[in-house]
Amino acid sequence: MRTARHMNRVAATAGAAVLMLVVGMATPSQAAEGTFFYTRADTGRETFLGSTPTGPCLALPGGASTAANDTDTDARLYTNSSCTSSSRFLGSRQSADFSAPYPTYVRFG
């Protein structure tokens, strides 16, 4: 018959293993290395995104008539703030021209 002390040790070990598994699976979003440039459709001025985290839907103020993804991560460009509209793919180190409706949001990763 197993002692209560032994059973507590087994339960604690199992709990620690589950905790390590869950913590190991939770990875924070990382930034795409490099810069994302685009030409604003409304003003024609070139601008860039300074911080390009992977995952969140990021605004492109003025919309993008052209874009250059000079990051190490692929991007998808969208026309809505929830990044659910039909997307346009822009691979790492690629550039593209766009026509109306211009993409106004981008998501990396």
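Residues numbered from 1 in each chain as written. Predicted model: local features only at pLDDT ≥ 70, side-chain atom pairs only at ≥ 80, totals over all residues. Heavy atoms only, no water.

> Help me understand the overall build of the chain in this model?
Assigned secondary structure in the chain consists of 1 helix and 8 strands. N-terminal to C-terminal, the α/β element order of the chain is α-β-β-β-β-β-β-β-β. Counted over contacts in the chain with a minimum sequence separation of 6, partners at least 24 positions apart contribute 58%. Total accessible area on the chain stands at roughly 7000 Å², and carbon and sulfur atoms take up 56% of it. (Helix = DSSP H or I, 4+ residues; strand = E, 2+ residues; numbered from the N terminus. Contact = heavy atoms within 4.5 Å. Areas by Shrake-Rupley, 256 points an atom, 1.4 Å probe, with all protein chains shown as cover.)

> Can you help me understand the pattern of salt bridges in this one?
Close approach of charged atoms allows side chains with opposite charge to pair. Evaluation of the coordinates by the stated rule reveals 2 salt bridges. Arg40 is the partner of Asp42 in a salt bridge, and the nearest nitrogen-oxygen pair spans 2.8 Å. On the basis of relative accessibility, which here comes to 24%, the residue Arg40 falls in the partly exposed class. (Salt bridge = Lys/Arg side-chain N within 4 Å of Asp/Glu carboxyl O. Buried < 20%, exposed > 50% of the residue type's maximum accessible area, 1.4 Å probe, protein only.)

> Can you help me understand the sheet that holds strand β6 (residues 88–90) in this one?
Either a parallel or an antiparallel arrangement is found when strands of a sheet pair, and the pairing is made through backbone hydrogen bonds. If you walk across this open sheet you meet the 4 strands as β3-β8-β5-β6, and the pairing is antiparallel. Whereas interior strands pair on both sides, the edge strands pair on one side only; in this sheet they are β3 (58–59) and β6. (Pairing = 2+ DSSP bridges.)

> How should I be thinking about the side chain of Ser65 in this particular structure?
Its place among the elements puts Ser65 in strand β4 (residues 64–71). Taking the relative accessible area as the measure of exposure, Ser65 reaches 17% and is therefore buried. In contact with Ser65, not counting residues within four places along its chain, are Thr39, Arg40, Ala41, Ala96, Asp97, Phe98 and Tyr102.

> Where do I start with the sheet that holds β4 in this structure?
Taking strand neighbours across the sheet as the criterion, the 4 strands line up as β2-β1-β4-β7 in an open arrangement whose pairing is antiparallel. A strand with exactly one partner marks an edge of an open sheet, and here the two such strands are β2 (46–49) and β7 (94–97). Averaged over neighbouring strand pairs, the angle between their axes works out to 15 degrees when direction is ignored. Where β4 meets β7, 4 bridges bridge the pair, whose relative direction is antiparallel. Of the residues in β7, the one forming a bridge with Ala68 is Ser95. (Axes fitted to C-alpha atoms, helices over the stretch in contact; angles between N-to-C directions.)

> Looking at this structure, how should I read unusual backbone geometry?
Cis peptide bonds are those with omega within 30 degrees of zero, and the linkage from Ala100 to Pro101 qualifies with 0 degrees. Structurally, Pro101 can be placed in the loop between β7 and β8 (105–108). Unlike most non-glycine residues, Cys83 shows phi in positive territory, near 55 degrees. Here Cys83 is to be found in the loop between β5 (75–78) and β6.

> I keep staring at the state of the cysteines and nothing clicks. Help me out?
In protein structure, a disulfide is the covalent linkage between the sulfur atoms of two cysteines. Applying the stated criterion to the full structure yields 1 disulfide. For Cys57, the disulfide goes to Cys83, at an S-S distance of 1.8 Å. Around the S-S axis, the bridge from Cys57 to Cys83 shows a dihedral of about 80 degrees and counts as right-handed. Here Cys57 is found in the loop between β2 and β3, whereas its partner Cys83 is found in the loop between β5 and β6, with 26 residues between them in sequence. (Disulfide = S-S within 2.5 Å.)

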